[in-house]
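Fold and contact review
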Amino acid sequence: MKKMLKYASCFFMALILMMGTVGCTQEKGVAVGGELPEVTMIETPVKTGPAANQNLLTGIDDLSKAAIGKRPVAVMVNNVEDALPQYGIAEADVIFELPVEGNLTRLMALYADYTAVPNVCAIRSCRYYYPAIAKGFDAFYVHWGSDQSILSYVDSLNIDRYDGLGNPHNLFGRDASRRNAGYSLEHTGYFKGTKFAEAVQADGKRTDLLEAKKGTAFQFCNFDELITPSGNPCSRVHVKFGAATATLHYDAETKLYSKDINGHAHIDGNTGEALKFTNVFVLETTNTVREDGVHRKIDWAGGSSAVGYYISNGTVERIHWSKANGRESEYLRFYKESGEELIINRGKSYIAYTTAGKTSFE
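**Describing the pattern of salt bridges**
- Scanning the model with the defined rule gives 16 salt bridges in all.
- Note that Arg-127 and Glu-101 form a salt bridge whose closest N and O atoms lie 2.9 Å from each other. With Arg-127 in the loop between strand 4 (120-121) and helix 2 (129-134) and Glu-101 in the loop between strand 2 (94-99) and strand 3 (105-111), the pair connects residues that are 26 residues apart, well separated along the chain. Each member of the pair, Arg-127 together with Glu-101, is buried.
- Between Arg-333 and Glu-341 there is a salt bridge, with the nearest N and O atoms lying 3.6 Å from each other.
- Look at the salt bridges and you will find they share partners, linking Arg-71, Asp-138, Asp-160, Lys-205 and Arg-206 into a network.

**Topic: the confidence of the model for the protein**
- Of the residues in the protein, 87% have a pLDDT of 70 or more, and the chain-wide mean is 90.
- Below a pLDDT of 50 lies the segment residues 1-42, which in the model reaches 17 contacts outside its immediate sequence neighbourhood of four places, other chains included.

**With respect to the packing of aromatic side chains**
- Throughout the structure, instances matching the rule amount to 19 aromatic pairs.
- Their ring planes at 40 degrees and their centres at 4.8 Å tell us that Tyr-250 and Tyr-257 sit as a pair that is tilted.
- For Tyr-250, a relative accessible area of 19% gives the class buried.
- Exposure remark for Tyr-257: the relative accessible area of 0% places this residue in the buried category.
- Here the aromatic residues Phe-96, Phe-137, Phe-218, Phe-220, Phe-281, Tyr-310, Tyr-331 and Phe-334 are joined through ring pairs into a cluster of three or more.
- Taking NZ or CZ as reference, Arg-174 lies 4.4 Å from the ring centre of Trp-144, over its face.
- In this structure, Arg-178 is placed above the aromatic ring of Tyr-183, and the distance from its NZ or CZ to the ring centre is 4.5 Å.

Thresholds, definitions, all that
Residues numbered from 1 in each chain as written. Predicted model: local features only at pLDDT ≥ 70, side-chain atom pairs only at ≥ 80, totals over all residues. Heavy atoms only, no water. Salt bridge = Lys/Arg side-chain N within 4 Å of Asp/Glu carboxyl O. Helix = DSSP H or I, 4+ residues; strand = E, 2+ residues; numbered from the N terminus. Buried < 20%, exposed > 50% of the residue type's maximum accessible area, 1.4 Å probe, protein only. pLDDT = per-residue confidence, 0-100. Contact = heavy atoms within 4.5 Å. Phe/Tyr/Trp six-rings, centres within 6.5 Å; stacked < 30°, edge-to-face > 60°. Lys NZ or Arg CZ within 6 Å of the ring centre and 35° of its normal.

This is how it looks when you write it as structure tokens:
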């Protein structure tokens, strides 16, 4: 009998040891009244998809709670040498650069979180192709003035605009430090982005995204994944717009492209650092002079045969791009040459429009 009890005791202890080592972690405890300590299963969370606060422009889970499901903000930014450095643009999630008069360029900075837009300088006027792009993101559109000949078209887009000429809610001002430093008046205008959410709410504007815009703006790769485009190595992209140039340099350590403007670092005046992007797009388009002999005519819609280039993770791939059926309300979409929709890396994006043959890759 004693021998049988001894064997039973050994078996029982072995069973306890197995329970503490197979598929779980046993919390330390002491048996009370002959009972065994409680065994708790501790699970390691596995990220299987986006969180509720996923930034729809970058694919990164970094939105504030107040911005979830809300509309982004598109801001027009002066981009001539005399207006540099701008400030507030490093916080943008997507930056568009397109030609304007004299083949200089203007930026449109897109911010996913309408409650956390920074103060932005220098603000500039509207050209018809910028709100046509902003409309596809269901964005608020911010500018200071406009080409008067396009106002009826812009109004037809039914896009919520905030124009510095009317200075609604005192959202626009002149940067005194710039004026004192000798900047021309046209390069001192700034947008008080930190006051924007309050102004929108006071106006009773729709802040919720349209149902069709509640998914990501681009097709992003899986989390914890960095894809390599199917093309040639690319450590440098040089884009010619005419009188302006943009150059992007790849850093293999950070996996980011830093931007130059006209041969020098394109910095944000607040940070003193160059703009950096995970994704770079160069879209070939037409660029002609309108009937007025001054303003540009840019094809913003693309099409199935429109050529572009996707640059990320040190590689460039030839692609196609379009807004479906040429509609302003559609997202800008990118496609592989095979026809399937392009999947891109999660992170900030820079998107340039220029004419064919104006871009070189190294």
